[in-house]
Amino acid sequence: RNLGTVIATWLQALGTIGLAVWIGHPLAYVAAFVLMGPAFARFAILGHEAAHKLLFTHKGWNDQIGRWVVSYPAFVPMEAYRRSHFAHHKDEFGPNEPDLNLYVGYPITRASFRRKLWRDARGTSGWKNLKGLLYAFRSSQARPVALRILLAQLPLIALAIAVGRWWLYPLLWLAPWMTVWRVINRLRSIAEHGGMERSKDRRRTTHHVEQSLLARFWMVPLNTGWHLAHHVDMGTPWRNLPRLHAELEQAGWVTPDFTYPSYRALWRALRSRADSAEL
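Residues numbered from 1 in each chain as written. Predicted model: local features only at pLDDT ≥ 70, side-chain atom pairs only at ≥ 80, totals over all residues. Heavy atoms only, no water.

Caption draft 1: A look at the pattern of salt bridges. According to the stated counting rule, one finds nine salt bridges in the structure shown. For Arg-204, the salt bridge identified is with Glu-197, shortest N-O distance 2.5 Å. Accessibility expressed as a relative area gives 43% for Arg-204, which makes it partly exposed. Within this structure, Arg-67, Glu-79 and Arg-148 form a network of salt bridges that share partners. (Salt bridge = Lys/Arg side-chain N within 4 Å of Asp/Glu carboxyl O. Buried < 20%, exposed > 50% of the residue type's maximum accessible area, 1.4 Å probe, protein only.)

The structure is reproduced here in structure tokens:
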């Protein structure tokens, strides 16, 4: 089933670009640019599954497909990501937490919230990530992974050239990764852990938000919105997270007090800090 999901993810991404080319209207390219953000969200979640060794039961296939088919094409060095992500699970908000910069310090002011999203939308955050990959070529230790990521981009570049539109790669692959995906990634990350605290009780480190079809398409595909359940047992495959969460609710461990009714409600809470001028 996961093989089918990997194939469907690629069909979605390439189909989005191909449909824009077939229509040929500028608005079709704009729509494809935006829709590539959710496509990258799917690549990220599949890479996340592979990092947890849950994408395929065979370790070799899990790592090879996780690297070459879903992570490297989306500019993710899975080797480094796996190490940092397991540190994240070991002690959320602890001294070795690698992702604090994404969700520490919440709630923040509305102005600060807008500035963060604007930096993501205009490519500032994306360039910072891309620059890190480029600098990796200077390091003898990091260079092999950077070369693999570059190698994974070559078929995509070659495909764009083969159809006579070389500009498809920078316009509808690289640029959405640097912009739309950055916005989605920040909104998802703060919805997972923004405003929480270090604790052995996962309900105090990780949010749960009621899931909608729209949110699951745009931002939290493949059940990643059941993130509290994932942190309760990170060995649960993505398909089973809703079932695990339902059991936690039936056991009385997850109650409405620990649940946000929507992502909009959670984001409002995370930007609820008053500006000094308002005080």
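And the narrative resumes.
Caption draft 2: Highlighting helix H7 (residues 124-135). Between its first and last C-alpha atoms H7 spans 16 Å; for twelve residues at 1.5 Å apiece the expected length is 16 Å, and the two agree. Within the span of H7, buried status applies to Ser-125, Gly-126, Leu-130 and Leu-133. Taken down its axis, H7 places every buried residue within 135° of arc, on the same side. In the core, the buried residues of H7 are packed alongside helix H6 (110-121), helix H8 (143-162), helix H9 (168-178) and helix H10 (180-193). (Helix = DSSP H or I, 4+ residues; strand = E, 2+ residues; numbered from the N terminus. Expected span 1.5 Å × (residues − 1). Arc of directions from axis to C-beta. Contact = heavy atoms within 4.5 Å.)

Caption draft 3: Highlighting the packing of H10 against helix H14 (residues 263-270). One can describe the packing of H10 onto H14 by two numbers: an axis separation of 10 Å at closest approach and a directional angle of 80°. One element, H10, and the other, H14, form an angle in the roughly perpendicular class. Two secondary-structure elements touch here, H10 through Leu-187, Ile-190 and Ala-191 and H14 through Tyr-263, Leu-266, Trp-267 and Leu-270. Broken down by class, the residue content of the contact of H10 with H14 amounts to seven nonpolar, no polar and no charged. (Axes fitted to C-alpha atoms, helices over the stretch in contact; angles between N-to-C directions. Parallel < 35°, antiparallel > 145°, perpendicular 65-115°, else oblique. Nonpolar A, V, L, I, M, F, W, Y, C, P; charged D, E, K, R; others polar.)

Caption draft 4: Just the side chain of Glu-192, in detail. Here Glu-192 is to be found in helix H10. Excluding residues within four positions of it along the chain, Glu-192 makes contact with Thr-205, Thr-206, His-207, Thr-224 and His-227.

Caption draft 5: Here's a closer look at the packing of aromatic side chains. Under the definition given, this model contains eleven aromatic pairs. On the basis of an interplanar angle of 10° and a centroid distance of 5.7 Å, the ring pair of Trp-10 and Trp-173 is categorised as stacked. One end of the pair, Trp-10, is in helix H1 (residues 2-23); the other, Trp-173, is in helix H9, and 163 residues separate them in sequence. On the accessibility criterion, Trp-173 (2% relative accessible area) is buried. An aromatic cluster is present here, built from Trp-10, Phe-40, Phe-43 and Trp-173 joined pairwise through their rings. Against the face of Trp-177 rests Arg-182, its NZ or CZ located 4.6 Å from the ring centre. (Phe/Tyr/Trp six-rings, centres within 6.5 Å; stacked < 30°, edge-to-face > 60°. Lys NZ or Arg CZ within 6 Å of the ring centre and 35° of its normal.)

Caption draft 6: Just the nonpolar core, in detail. Judged by nonpolar contacts, the single largest core of 62 residues is most densely connected at Trp-173 and Trp-267. In terms of residue count, the dominant contributor to this core is helix H2 (residues 26-51) (eleven residues). Grouped together as the second largest cluster of nonpolar side chains are seven residues, Ala-229, Leu-244, Leu-248 and Val-254 included. (Core = buried A, V, L, I, M, F, W, Y, C linked by side-chain atoms within 4.5 Å.)

Caption draft 7: Layout of a nonpolar patch on the surface. Taken together, the side chains of Leu-27, Val-30, Val-34, Leu-214, Phe-217 and Trp-218 make up a nonpolar region of the molecular surface, amounting to roughly 550 Å² of accessible area. At the level of elements, H2 and helix H11 (213-218) are the ones that each hand at least two residues to the nonpolar patch. With respect to the secondary-structure elements, Leu-214 resides in helix H11. A relative accessible area of 58% places Leu-214 in the exposed class. (Patch = residues over 30% accessible without salt bridge, like charges linked within 9 Å, V, L, I, M, F, W, Y side chains within 5 Å. Areas by Shrake-Rupley, 256 points an atom, 1.4 Å probe, with all protein chains shown as cover.)

Caption draft 8: Spotlight on H8. Spanning 20 residues, H8 covers 28 Å between terminal C-alpha atoms, matching the ideal 28 Å at 1.5 Å per step. Listed as buried for H8 are Val-145, Ala-146, Ile-149, Ala-152, Gln-153, Leu-156 and Ala-160. Next to the buried residues of H8 lie H1, helix H3 (59-71), helix H4 (78-90), H7 and H9.

Caption draft 9: Representation of the environment of Trp-226 in the model. Relative to the helices and strands, Trp-226 is located in the loop between H11 and helix H12 (227-232). Between the alpha carbons of Trp-226 and Glu-210 there is a distance of 8.5 Å; along the sequence they are 16 residues apart.

Caption draft 10: Broad picture of the packing of H7 against H9. The N-to-C vectors of H7 and H9 enclose an angle of 105°; their axes lie 7 Å apart at closest approach. Taken together, the axis directions place H7 and H9 in an arrangement best described as roughly perpendicular. Residue-level contacts link Gly-126, Trp-127, Asn-129 and Leu-130 of H7 to Leu-174, Trp-177 and Met-178 of H9. Grouping the amino acids of the contact of H7 with H9 by side-chain chemistry returns five nonpolar, two polar and no charged.

By themselves these figures say nothing about function.
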